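One letter stands for each residue in the lines below.
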Amino acid sequence: MELLHRGKVRDVYSDRPGEVILVATDRVSVYDVVLPTPIPDKGKLLTSLSLWWFEQLADVMPNHVISASDVPAEFEGRAVRCQQVDIIQVECIARGYLAGLGWDAYRESGKISGVEIPPGLREGDKLPQPVFTPTTKTAPEDGHDEPMTFEEVAEAVGAELAKTLEAKTLELFSRATEITAGRGVHLADTKFEFGLAKDGTLVLADEVLTSDSSRYWRDEDWKPGQRQVSFDKQFVRDWARDLGTWDKTPPGPEIPAEVVEETRARYVAMYERITGLKWE
C-alpha cells in the first residue's frame, strides 16, 4: 500500500483500483493542531462508532464504506475499506445548540457563518432550529479552518451543490438527533464530509458523528448558561484552552496522563450510551 494522505487524525492508503484504506490513528487534534500525546484505543473507538452511524443513516444517503473486515491485519479494528471519492472541500457543520466556536461567534456578532441567531441566548442554549454553519477544509500545515457563509460555499462548489450540501447536512443531523435523544444524549453539533463517487453520486464520507467530529452532552449534565460537561473531544479542547500558556499554534502541549485517561473514559462512555454496545 501507498500512503496517499496523512490528515490530522486519519491516514489514507491506496489499495485496489478505485478503493482506499482509511485508518483512524490514536492522534488527537485541537484547534487544528495535532497534539504529541495519543489517546489509547481512540482510533478503534471512533471507527466503531462511525461504522454504527453509517448503518443508522444508510437510508438517508449512501456512504463510501465497502468493508470494515477486508483490511490489512495491522490496521484491524481501526480501518475501513472505502470507495475512492473526490472529497468536497467544505466542512459541513450542523449546529443545534450554542457552544464552542459557534458560541464565540454569536457573542461577537450575533451570527454564525453569516447566519443570524436570535439575541439573548446563553452558552449551551438550544437554537430555535438547527443551522448550517460550514467552514473551510484545510490541511494540517495550512492553519485553522475558517467560517464560510452559504454564499461562499455556493461560489466554491456551485449553487446547486451548495443547496444539496445544506439540505443533506440538516437532514442527517435531524435523524441523528432523533436517535441520540432516545438515548439520553444531546447532539449539540457535528461535522459531515461529503464526496463525489465516480458516477457523480454524492456520498457521505470520512468519519460520521464520532466523538471527534461531534459535541455530545448527557441529558443529566445539560445546564444552559455555562460550559457544558462534554463526552467528546471538547474535554481536551477545554483542557488546552484553560492552560493559558498555549497560543494554539504548533507544537501543541503534551497531554497529562490523567487527562488522557479521562478522555478515553468519556469516549468509551459515549460509545456505549449511543450504540447500546459494550466496549471490549
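The sections below set out a description of the structure shown in this document. Just so it is clear, the structure is predicted and the values come from calculations on it, not from any experiment.

Quick look at the overall build of the protein chain
Here is step 1: Counting secondary structure elements, the protein chain contains six helices and 16 strands.
Here is step 2: The C-alpha atoms of the protein chain give a radius of gyration of 18 Å, which matches the 19 Å a tight globule of 280 residues would have.
Here is step 3: Referenced to the eigenvectors of the C-alpha coordinate spread, the extents of the protein chain come out at roughly 55 × 50 × 40 Å.
Here is step 4: Of all 280 residues assigned to the protein chain, the portion counted as buried reaches 52%.
Here is step 5: Look at the contacts in the protein chain between residues 6 or more apart in sequence, and 63% of them connect residues 24 or more apart.

Observations concerning the sheet that holds strand β2 (residues 10-14)
Strands pair in a sheet through their backbones, by hydrogen bonds, and they do so in one of two ways: parallel or antiparallel.
Here is step 1: Pairing in this open sheet of five strands is antiparallel, and the strands run β1-β2-β3-β7-β6 from one edge to the other. At either end of the open sheet lies a strand with only one pairing partner, and these are β1 (2-6) and β6 (65-67). When the angles between neighbouring strand axes are averaged without regard to direction, this sheet yields 35°.
Here is step 2: With two bridges joining them, β6 and strand β7 (residues 79-83) adopt antiparallel strand pairing. Its bridge partner being in β7, Ser67 is matched across the sheet by Arg81.

A word on the pattern of salt bridges
Here is step 1: Under the criterion given, the structure shown has 33 salt bridges.
Here is step 2: Residue Asp11 is joined to Arg6 by a salt bridge in which the shortest nitrogen-to-oxygen separation is 3.1 Å.
Here is step 3: Using a relative accessible area of 47% as the deciding quantity, one classes Arg6 as partly exposed.
Here is step 4: Note that Lys278 is salt-bridged to Glu272, the shortest N-O span being 3.9 Å.
Here is step 5: Accessibility expressed as a relative area gives 61% for Lys278, which makes it exposed.
Here is step 6: Among the charged side chains, a network of salt bridges with common partners joins Asp15, Arg16, Glu19, Asp70 and Arg81.

Some remarks on the environment of Thr135
Here is step 1: If you trace the backbone, Thr135 turns up in strand β13 (residues 135-136).
Here is step 2: Between the C-alpha atom of Thr135 and that of Phe150, which follows or precedes it by 15 residues, the distance is 9.7 Å.
Here is step 3: In this structure, Thr135 is in contact with Val90, Glu91, Ile93, Asp145, Glu146, Pro147 and Met148, ignoring residues within four places of it in sequence.

Brief notes about the nonpolar core
Here is step 1: Counting 51 residues, the largest nonpolar core has Trp53, Phe192, Phe194, Leu204, Leu209 and Ile255 as its most contacted members.
Here is step 2: Elements represented by at least two residues in this core include exactly α1 (42-56), β9 (90-97), α3 (150-157), α4 (159-181), β14 (185-196), β15 (202-205), α5 (234-243) and α6 (257-275).
Here is step 3: Among the elements that take part in this core, α6 stands out by supplying seven residues, more than any other.

With respect to the packing of α5 against α6
Here is step 1: Running from N to C, α5 and α6 point in directions that differ by 155°, and their axes come no closer than 9 Å. Taken as axis vectors, α5 and α6 run roughly antiparallel relative to one another. On the side of α5, the interface is formed by Phe235, Val236 and Trp239, while α6 contributes Val259, Glu262, Thr263 and Arg266.

A look at the pairing of β1
Here is step 1: The pairing of β1 with β2 spans four bridges and is classified as antiparallel. The residue of β2 that forms the bridge with His5 is Val12.
Here is step 2: Between β1 and β2, which follow one another and run antiparallel, lie three residues.

Here's the deal with the environment of Glu254
Here is step 1: Examined against the element boundaries, Glu254 turns out to sit in the loop between α5 and α6.
Here is step 2: Note on Glu254: relative accessible area 54%, which makes it exposed.
Here is step 3: Put simply, Glu254 and Ala240 are 14 residues apart on the chain and 9.7 Å apart in space, counted from C-alpha to C-alpha.
Here is step 4: Beyond its immediate chain neighbours, meaning those up to four positions away, Glu254 contacts Pro36, Thr37 and Trp239.
Here is step 5: A polar side-chain atom of Glu254 sits 2.6 Å from a polar atom in the side chain of Thr37.

A few points about unusual backbone geometry
Here is step 1: Pro250 connects to Pro251 through a cis peptide bond whose omega is -5°.
Here is step 2: Relative to the helices and strands, Pro251 is located in the loop between α5 and α6.
Here is step 3: At Leu209, a position not held by glycine, the phi torsion is positive, near 55°.
Here is step 4: With respect to the helices and strands, Leu209 occurs in the loop between β15 and β16 (214-218).

Things to note about the environment of Tyr216
Here is step 1: Following the sequence through the fold, Tyr216 ends up in strand β16.
Here is step 2: Residue classification places Tyr216 among the buried residues on the basis of a relative accessible area of 0%.
Here is step 3: With 157 residues separating them along the chain, Tyr216 and Asp59 place their C-alpha atoms 23 Å apart.

Parameters and conventions
- Residues numbered from 1 in each chain as written.
- Predicted model: local features only at pLDDT ≥ 70, side-chain atom pairs only at ≥ 80, totals over all residues.
- Heavy atoms only, no water.
- Helix = DSSP H or I, 4+ residues; strand = E, 2+ residues; numbered from the N terminus.
- Rg over C-alpha atoms; globule rule 2.2 N^0.38 Å.
- Buried < 20%, exposed > 50% of the residue type's maximum accessible area, 1.4 Å probe, protein only.
- Contact = heavy atoms within 4.5 Å.
- Pairing = 2+ DSSP bridges.
- Axes fitted to C-alpha atoms, helices over the stretch in contact; angles between N-to-C directions.
- Salt bridge = Lys/Arg side-chain N within 4 Å of Asp/Glu carboxyl O.
- Core = buried A, V, L, I, M, F, W, Y, C linked by side-chain atoms within 4.5 Å.
- Parallel < 35°, antiparallel > 145°, perpendicular 65-115°, else oblique.
- Polar contact = N/O pair within 3.5 Å; in protein donor to acceptor, adjacent residues only side chain to side chain.

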